[in-house]
Amino acid sequence: QVQLVESGGGLVQTGGSLTLSCTASGPSFSTYAVGWFRQPPGKEREFLASISRRSGGSTYYADAVKGRFTISRDNAKNTVYLQMNSLKPEDTAVYTCGADTILHNIIMNHKAITSWGQGTQVAVSS
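Mapped onto the elements, threonine 79 comes out in strand S8 (residues 79-84). Relative accessible area serves as the criterion here: at 5%, threonine 79 is assigned to the buried category. At a separation of 3.3 Å, a polar atom in the side chain of threonine 79 contacts the side chain of threonine 23. Each residue touching threonine 79, except ones within four places of it in the same chain, is listed here: Ser21, Cys22, Thr23, Phe29, Ser72, Arg73 and Asp74.

Below, the structure written as structure tokens:
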């Protein structure tokens, strides 16, 4: 398994932007698909975006963030990014990355994901 650490969260005003990073340590990061998830206060965790194993790989987005968020990865740096634009107060949540060798788990079967980070807080003020 890989170990994941998120960074880049913080407080931003409505309409602002943030870029989150998910940095992995451990073997063979390039064999893992990665996804970003978030858990708003008092709500369940929700899927946001996924990227397949290779740098520049295929991506998939939840409707709630499509067109505003962009996921990318740099396997040379063992890092996956989430560029977030046009942020809204409802984007306030703890953002977490997850990694698994099976892309289907990232998109459809979150309970099967083998590696999770600890999360980073994003707060959007109105």
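Moving on, we come to the pairing of strand S9 (residues 93-100). Counting buried residues in S9 gives 7 out of 8 residues, a clear majority hidden from the surface. As paired strands, strand S4 (residues 33-39) and S9 are joined by 7 bridges and run antiparallel to one another. Looking at the pairing, arginine 38 lines up with tyrosine 95 of S9. In the sheet, S9 pairs with strand S10 (residues 115-116) via 2 bridges, with the strands oriented antiparallel. From the neighbouring strand, glycine 98 faces S10, where its bridge partner is tryptophan 116.

Analysis parameters
- Residues numbered from 1 in each chain as written.
- Predicted model: local features only at pLDDT ≥ 70, side-chain atom pairs only at ≥ 80, totals over all residues.
- Heavy atoms only, no water.
- Helix = DSSP H or I, 4+ residues; strand = E, 2+ residues; numbered from the N terminus.
- Buried < 20%, exposed > 50% of the residue type's maximum accessible area, 1.4 Å probe, protein only.
- Polar contact = N/O pair within 3.5 Å; in protein donor to acceptor, adjacent residues only side chain to side chain.
- Contact = heavy atoms within 4.5 Å.
- Pairing = 2+ DSSP bridges.

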